[in-house]
Amino acid sequence: MASAAEQLAANLSMSSFSKATELKKRIWFTLGALIVYRLGTYIPVPGVDATVMGQLLAQHQGGILGMFDMFTGGALGRMTVFALNIMPYISASIIIQLLSTALPSMEAMKKEGEAGRKKLNQYTRYLTVFIALFQAYGIAVGLENMTAHGASAVVAPGLFFILSCVVTLVGGTMFLMWLGEQITSRGVGNGISLIIFAGIVANLPNAMASLFELGRTGALSPVFVLVFLILAVGVLAFIVFMEQAQRRVVIQYPKRQVGNRMFGGDSTHMPLKVNTAGVIPPIFASSVLLIPVTISGFMNGHSMPGWLSVLGQQLGQGQPLYMLFYAAMIMFFSYFYAAVTFNPEETAENLRKQGGFIPGIRPGANTAAYFDKILSRLTTIGALYLVVVCLLPQILISKYNVPFYFGGTSLIIIVSVTIDTVTQVQSHLVAHQYQGLIGKQRRRSMRTNASQGVLNRR
């Protein structure tokens, strides 16, 4: 039987949306913030030759530059103020999350509630600045050494360029971090995810145009283009299904008597997602595997050990060794991230303190073992799902030169952020409906009290 909230959400319509003025303000604020972000992806870093950068990106499209240029919405390829995008903040968030699980002091801080969460957020910001400084300096030094067809990517190399480049890139990242937090608090939520989503979606029209151009010129047959589009729709439907799939563990609360009244005895469920790790495993696996390819491309085979050159060739996209290691690392990171983010012992202990239990399972160690068993099975299914979704586009990219933006990682990000955003909008609409019901009840009570007062005076 559907809950009251689910019944209320099912009755939402455009009329209720038109009355939700607060939600419309949030949507307009979010759209305005994303427009500001997209404008910033066209403001170039001082001293960089955009033409040479475009040629360099074309040469290393299959390396780590191509992947991160996808996440930045083309800002890295144009070398603009948002070239680092929000990636340093994401890296810092993951590191802090891992440390809060591994270090007892940070784990205790996480349990302090709102005060602990603010401290961890502050540490994340500091770490973001450090990572952004490191990456910006590496990009600045790398740009001075990059050439394409004899032309340097930097107009006037030197200390002033390195300083200005570092300040510009770090400032752009910090601005995007602030903009994402503003979208989360004043917009529809998920600000950081929406920034990455906007960067990927902004380049999808170009990817579609490239695909149709390949079909028009005969590089790809029209039948293949049609089959590819049908396959893409099927993969999207599969991703939506898997991202929403969950295992609902039934939780029972015992009855208790207080005076002459009985309380409790309710039955609820704990939802466990099939894809517990989300999109983190493909991103980590892609980053690690593309490092040898990128180094090999930058060094152009000079001053490089022979084993590294061979490894870079074997780990090229579409190679059997690449596919094997890619699948293995996705599996590894899926288990690793799931183990870090979900603690069966802690969950079982919290459930025991609240008086809940799983029917047929004794509280304590048996409940923790039951959660661990379920999590292992779900992680296996989720990891296999990620492997299939990520390897299928890689095969199409390597064999048929399909645009890189149709990669499995980008599709998972698009679907996940879309689902989360729709859920956030729906929650705002439900809250608006609840506020309307509460307001009507209050007005009805005031009228009833007023009528009762008139009768009493009479």
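Residues numbered from 1 in each chain as written. Predicted model: local features only at pLDDT ≥ 70, side-chain atom pairs only at ≥ 80, totals over all residues. Heavy atoms only, no water.

Draft legend 1. A look at the overall build of the chain. The helix and strand tally for the chain stands at 19 helices and six strands. Within the chain, contacts between residues separated by at least 24 positions form 72% of all contacts whose residues are at least 6 apart in sequence. Surface exposure of the chain reaches about 24600 Å², of which carbon and sulfur atoms provide 64%. (Helix = DSSP H or I, 4+ residues; strand = E, 2+ residues; numbered from the N terminus. Contact = heavy atoms within 4.5 Å. Areas by Shrake-Rupley, 256 points an atom, 1.4 Å probe, with all protein chains shown as cover.)

Draft legend 2. Just the packing of aromatic side chains, in detail. Tallied over the full model, the rule gives eight aromatic pairs. Aromatic side chains Phe224 and Phe228 sit 6.4 Å apart centroid to centroid with 25 degrees between the ring planes, which places their arrangement in the stacked category. With Phe224 and Phe228 both in helix H13 (residues 222-244), this residue pair falls four residues apart, about one helical turn. By relative accessible area, Phe224 is classed as buried at 17%. Between Phe332 and Phe333, the aromatic rings sit 5.3 Å apart at their centres with planes inclined by 65 degrees, giving edge-to-face as the arrangement. Judged by relative accessible area, which is 13%, Phe333 ranks as buried. Taken together, Tyr37, Phe82, Phe175 and Trp178 form an aromatic cluster joined through their ring pairs. (Phe/Tyr/Trp six-rings, centres within 6.5 Å; stacked < 30°, edge-to-face > 60°. Buried < 20%, exposed > 50% of the residue type's maximum accessible area, 1.4 Å probe, protein only.)

Draft legend 3. Inspection of the environment of Leu194 at higher detail. Among the structural elements, Leu194 can be located in helix H11 (residues 191-202). As for Leu194 and Ile413, which are separated by 219 residues in sequence, their C-alpha atoms are 9.7 Å apart. Other than its neighbours up to four places away in sequence, Leu194 contacts Thr30, Leu34, Ile183, Val188, Gly189, Val417 and Thr421.

Draft legend 4. Summary view of the packing of helix H12 (residues 204-217) against H13. Running from amino to carboxyl end, H12 crosses H13 at an angle of 150 degrees, the nearest separation of the two axes being 9 Å. When the axes of H12 and H13 are compared, the pair comes out roughly antiparallel. The way H12 lies across H13 gives a crossing that is right-handed. Contact residues: H12 offers Met208, Leu211, Phe212 and Gly215, while H13 offers Val225, Phe228 and Leu229. (Axes fitted to C-alpha atoms, helices over the stretch in contact; angles between N-to-C directions. Parallel < 35°, antiparallel > 145°, perpendicular 65-115°, else oblique. Left-handed = near helix turned anticlockwise from the far one by under 90°.)

Draft legend 5. Looking closely at the packing of helix H7 (residues 87-102) against helix H16 (residues 320-341). With their axes 9 Å apart at the nearest point, H7 and H16 run at an angle of 60 degrees to one another. Comparing the axis directions of H7 and H16 gives the class oblique. Remark: the crossing between H7 and H16 carries left-handed chirality. Here Gln97, Leu98 and Thr101 of H7 lie close against H16, whose contacting residues are Phe336, Tyr337, Val340 and Thr341.

Draft legend 6. Molecular detail of the pattern of salt bridges. The final tally for this structure, using the stated rule, is five salt bridges. The partner of Arg26 in a salt bridge is Glu22, with the nearest N and O atoms 3.6 Å apart. Of this pair, Arg26 and Glu22 both sit in helix H3 (residues 21-40), four residues apart, which is roughly one turn of the helix. Residue classification places Glu22 among the partly exposed residues on the basis of a relative accessible area of 48%. Measuring nitrogen to oxygen at the nearest pair gives 2.5 Å for the salt bridge that ties Glu213 to Arg216. In this pair, Glu213 and Arg216 both sit in helix H12, three residues apart, roughly one turn of the helix. Relative accessible area serves as the criterion here: at 35%, Glu213 is assigned to the partly exposed category. Residue class for Arg216 comes out exposed when judged on its relative accessible area of 62%. (Salt bridge = Lys/Arg side-chain N within 4 Å of Asp/Glu carboxyl O.)

Draft legend 7. Just the side chain of Glu243, in detail. Checked against the element boundaries, Glu243 lands in helix H13. The exposure class assigned to Glu243 is buried, which follows from its relative accessible area of 8%. In this structure the side chain of Glu243 is engaged in a polar contact, spanning 2.9 Å, whose partner is the side chain of Asn275. Filtering out sequence-adjacent residues up to four positions away, Glu243 remains in contact with Lys273, Asn275, Tyr385, Ile412, Val415, Ser416 and Ile419. (Polar contact = N/O pair within 3.5 Å; in protein donor to acceptor, adjacent residues only side chain to side chain.)

Draft legend 8. Representation of the nonpolar core in the model. By size, the foremost hydrophobic cluster in this structure holds 71 residues, and its most contacted members are Ile86, Ile239, Val249, Leu272, Tyr326, Phe371 and Ile412. There are two domains that each give this core at least three residues, and those are domain 1 (22-204) and domain 2 (220-448). Beyond its immediate stretch of four places on either side in the chain, Val249 contacts Thr268, His269, Met270, Leu272, Ile358, Tyr370, Phe371 and Ile374. By size, the runner-up hydrophobic cluster in this structure holds 23 residues, among which are Ile139, Val154, Ile162 and Cys165. (Core = buried A, V, L, I, M, F, W, Y, C linked by side-chain atoms within 4.5 Å. Domains from an automatic or database assignment.)

Draft legend 9. Structural detail: a nonpolar patch on the surface. Taken together, the side chains of Val36, Phe175 and Trp178 present a nonpolar region at the surface, about 270 Å² in accessible area. Here Phe175 lies in helix H10 (residues 159-186). A relative accessible area of 32% means that Phe175 is categorised as partly exposed. (Patch = residues over 30% accessible without salt bridge, like charges linked within 9 Å, V, L, I, M, F, W, Y side chains within 5 Å.)

Draft legend 10. Representation of the side chain of Thr421 within the structure. The topology assignment puts Thr421 in helix H19 (residues 408-457). What makes Thr421 buried here is its relative accessible area of 18%. There is a polar contact of 2.8 Å between the side chain of Thr421 and the backbone oxygen of Val417. Contact partners of Thr421, with chain neighbours within four places excluded, come to Val188, Asn190 and Leu194.

Draft legend 11. Focus on unusual backbone geometry. One non-glycine residue, Asn85, lies in positive phi territory at about 55 degrees. Looking at the element boundaries, Asn85 is found in the loop between helix H6 (75-78) and H7.

Draft legend 12. Region of the structure containing the environment of Val240. Inspection of the secondary structure assignment puts Val240 in helix H13. Classification of Val240 as partly exposed rests on a relative accessible area of 31%. In the structure, Val240 is positioned 175 residues away from Val415 in sequence and 6.4 Å away in space, judged by C-alpha atoms. Ignoring any residue separated from it by four or fewer positions in sequence, one finds Val240 in contact with Val415 and Ile419.

Draft legend 13. Main features of the confidence of the model for the chain. For the chain, mean pLDDT is 77; residues scoring 70 or higher make up 75% of the total. Looking across the chain, the model is least confident in helix H1 (residues 4-10), with a mean pLDDT of 46, and most confident in H10, with 90. Counted against residues more than four places away or in other chains, residues 1-9, with its pLDDT under 50, gives nine contacts. (pLDDT = per-residue confidence, 0-100.)

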